[in-house]
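Spelled out, the chains give:
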Amino acid sequence: MEYPSHTIRYGKIVDPETNEVIDEVLVSKMAAPKTYTTEDVVEINCHGGFVTARRILDLLFRLGARPAEPGEFTKRAFINGRIDLVQAEAIMDLIGAVTEKSSKAAVMQLEGRLSEKLNKIRESLVNILAKIEVNLDYPEYDFEEVTTRECVQVINSIKGDLKTLIESFDYGKVLREGLNVAIIGKPNAGKSSLLNRLSGKNRAIVTDIPGTTRDILEEYVNIQGLPVRLLDTAGLRETTDVVEKIGVEKALEVIDTADLIIFMLDAQTGFEKEDRDILEKIRRYYSKVLYVVNKTDRPDKEKLEEIRRIIPETIEISVLEDYGIDNLEKAILEFVNKARIDTDNQIIVTNARHKKLLNEALENLNSAVSAAENGMTLDLISMDIKNAAEKIGFITGHEVTEEVVMNIFENFCIGK
Ligand code: GDP
């Protein structure tokens, strides 16, 4: 029976061999070309639960269907020209998005904002190439000098665009993977308590015995849409205990790779030798440190004053009484926003493959400009421009090898 396209029908799935009814279902029919892949699509909505779905799938496989490969639907959409590579990769990002902000960045790419920008850049490069071509074809008109000057002007403006996109990647990486925040401080300062407070769960074990957080604990939290990966490190004190020593070494490693360090001081014990040692160890990371004083609910007033004198820019909190935590969260967000990225509107590059190619294109253009400045001929300059245009084409999929496409879609989850 012929059903109209883009309609849903109620029916039963029946095993043709046994005549057994497997499930009551809704079947959507979507005829090409207005579908996800631009090909004919039929979707079966069955009842939830593993067994029913499994039996329907088994039946379909028996009748000649096969399971989709990872990313196959999106790959077909790309091959059939409905979406470009950037959009296909955005779908993958969207599935993996952990917070609202990261999903927003992915949607923007899915809508084609990044592709649009890249296509414009590529077009400008192709236009320059055309101009150079004309010049080379009619050497009797000696326009070479004028053309070179014009080219350099356009290339410089494109370089600016590329730089902005490349710089957005650091923020894009934060959106994808979360901001890595290491919480450090001497034992018993309240690091695990803060981790628990921020994550709203009771994952780390909180104790009164100094040095019990011996390994690195991590927790993903969502701070106003920003994905944050919190790492609670062992106390950074000199130790002879082997187990703890491993912890201390790991802590130093974590500090090195962290995007932001929260150094926690204790308003009850004040600024001790251990704090001085830690301060010494993190001195070279000063631009990514937030200083926090905990236990301000029951401080030793003189010792707190001393901390304030030694480190003037502290955030005072009490995890126990939930005081100052919102200030700390605000400071974390401000740290990220220092990059002055308009997170809601700027096009953000979130994909490492894209960033690498953008960097390569920028290098090609740098080389084109220096060739022009050194009085090289236009055909030499055009080589660099051609290479840059090609790199941009690799990102959107205008120019791309089968191998790259395979690689990208292999990382997809099954079923999309
Ligand atoms: P860590 O060793 O730095 O991870 O410290 P913990 O989180 O295990 O906390 C050590 C002790 O300090 C525990 O007994 C906590 O209850 C206590 N503590 C944590 N935060 C506060 C606070 O804000 N005020 C007070 N008075 N005690 C706190």
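Residues numbered from 1 in each chain as written. Predicted model: local features only at pLDDT ≥ 70, side-chain atom pairs only at ≥ 80, totals over all residues. Heavy atoms only, no water.

What the protein contains, in helices and strands, is 14 helices and nine strands. Burial analysis of the protein (416 residues in total) assigns 44% to the buried set. Long-range pairs, those at least 24 residues apart, make up 67% of the contacts in the protein with a sequence separation of at least 6. Carbon and sulfur atoms provide 51% of the accessible area of the protein, an area that totals close to 22700 Å². (Helix = DSSP H or I, 4+ residues; strand = E, 2+ residues; numbered from the N terminus. Buried < 20%, exposed > 50% of the residue type's maximum accessible area, 1.4 Å probe, protein only. Contact = heavy atoms within 4.5 Å. Areas by Shrake-Rupley, 256 points an atom, 1.4 Å probe, with all protein chains shown as cover.)

Applying the stated criterion across every chain yields a total of 22 salt bridges. Salt-bridge contacts for R308 lead to E316; the nearest nitrogen and oxygen are separated by 2.6 Å. Salt-bridge contacts for K356 lead to E360; the nearest nitrogen and oxygen are separated by 3.1 Å. Taken together, the residues K356 and E360, both in helix 12 (residues 352–373) and four residues apart, mark about one turn of the helix. Taking the relative accessible area as the measure of exposure, K356 reaches 55% and is therefore exposed. You can call E360 partly exposed: its relative accessible area is 25%. When salt bridges that share partners are traced, they join E39, R66, E72 and R76 into one network. (Salt bridge = Lys/Arg side-chain N within 4 Å of Asp/Glu carboxyl O.)

Now for unusual backbone geometry. Residues A32 and P33 are joined by a peptide bond in cis, for which omega reads 5°. Phi at H6 takes a positive value of approximately 55°, unusual for a residue other than glycine. Residue position: H6 is located in the segment before strand 1 (7–14). Positive phi values are uncommon outside glycine, yet N188 reaches one of about 80°. One can find N188 in the loop between strand 4 (179–184) and helix 7 (191–199). Since its relative accessible area comes to 30%, N188 is described here as partly exposed.

Ranked by internal contacts, the top residues of the largest apolar core, which has 34 residues, are L118, L125, L162, L165, L358, I385 and I392. Beyond its immediate chain neighbours, meaning those up to four positions away, L125 contacts I158, L365, I385, A388, A389 and I392. Of all hydrophobic cores here, the second largest spans 32 residues; its members include I183, A189, L328 and F335. (Core = buried A, V, L, I, M, F, W, Y, C linked by side-chain atoms within 4.5 Å.)

Locating Y291 in the fold gives a position in strand 8 (residues 289–294). When its relative accessible area of 12% is taken as the criterion, Y291 is described as buried. Separated by 22 residues in sequence, Y291 and E313 place their C-alpha atoms 7.0 Å apart. Y291 has contacts with F263, L279, I311, E313, T314 and I315, leaving out every residue within four places of it along the chain.

The next subject is the confidence of the model for the protein. Per-residue confidence for the protein averages 84 on the pLDDT scale, and 85% of its residues sit at or above 70. Across the protein, the element-wise mean pLDDT spans from 67 in helix 8 (residues 242–257) up to 97 in strand 8. A low-confidence stretch, residues 201–207 (pLDDT under 50), is modelled with 17 contacts involving residues beyond four sequence positions or located in other chains. (pLDDT = per-residue confidence, 0-100.)

Taking strand neighbours across the sheet as the criterion, the three strands line up as 1-2-3 in an open arrangement whose pairing is antiparallel. For this open sheet the edge positions go to strand 1 and strand 3 (41–45), each flanked by a neighbour on one side alone. Each strand of the sheet is rotated relative to its neighbour by a mean of 30°, with strand direction disregarded. Relative to strand 2 (residues 21–30), strand 1 runs antiparallel, the two being bridged by eight bridges. For I8, the partnering residue across the bridge sits in strand 2 and is S28. Contacts between helix 1 (residues 50–62) and the sheet are confined to strand 1, strand 2 and strand 3, with strand 2 contributing the most and set at about 70° to the helix. (Pairing = 2+ DSSP bridges. Axes fitted to C-alpha atoms, helices over the stretch in contact; angles between N-to-C directions.)

With that out of the way, let us pick up helix 2 (residues 72–79). Within the span of helix 2, buried status applies to E72, T74, K75, A77 and F78. Once helix 2 finishes, G81 follows within two positions and takes phi at roughly 85°, a positive value.

What follows is about the environment of Q268. Along the chain, Q268 falls in the loop between strand 7 (260–266) and helix 9 (273–281). Q268 sits in the partly exposed class, given a relative accessible area of 34%. Setting aside residues no more than four positions away along its own chain, Q268 makes contact with K295, R298, D300 and K303. Among the polar contacts listed, one links the side chain of Q268 to the backbone oxygen of R298, at a separation of 3.1 Å. (Polar contact = N/O pair within 3.5 Å; in protein donor to acceptor, adjacent residues only side chain to side chain.)

What follows deals with the packing of helix 7 against helix 11 (residues 325–337). Remark: helix 7 packs on helix 11, axes separated minimally by 12 Å, with the N-to-C direction vectors making an angle of 80°. Our classification of the angle between helix 7 and helix 11 gives roughly perpendicular. Taken together, the residues of helix 11 that come into contact with helix 7 (itself represented by L194, R197 and L198) are I325, L328 and E329. (Parallel < 35°, antiparallel > 145°, perpendicular 65-115°, else oblique.)

The element strand 8 is extensively covered by neighbouring structure, given that six of its six residues are classed as buried. Bridge count between strand 7 and strand 8: six bridges; the pairing is parallel. Pairing of I262 across the sheet is with L290, part of strand 8. Sheet topology places strand 8 next to strand 9 (residues 314–316); three bridges connect them, and they run parallel. Following the sheet pairing, V293 is matched in strand 9 by E316.

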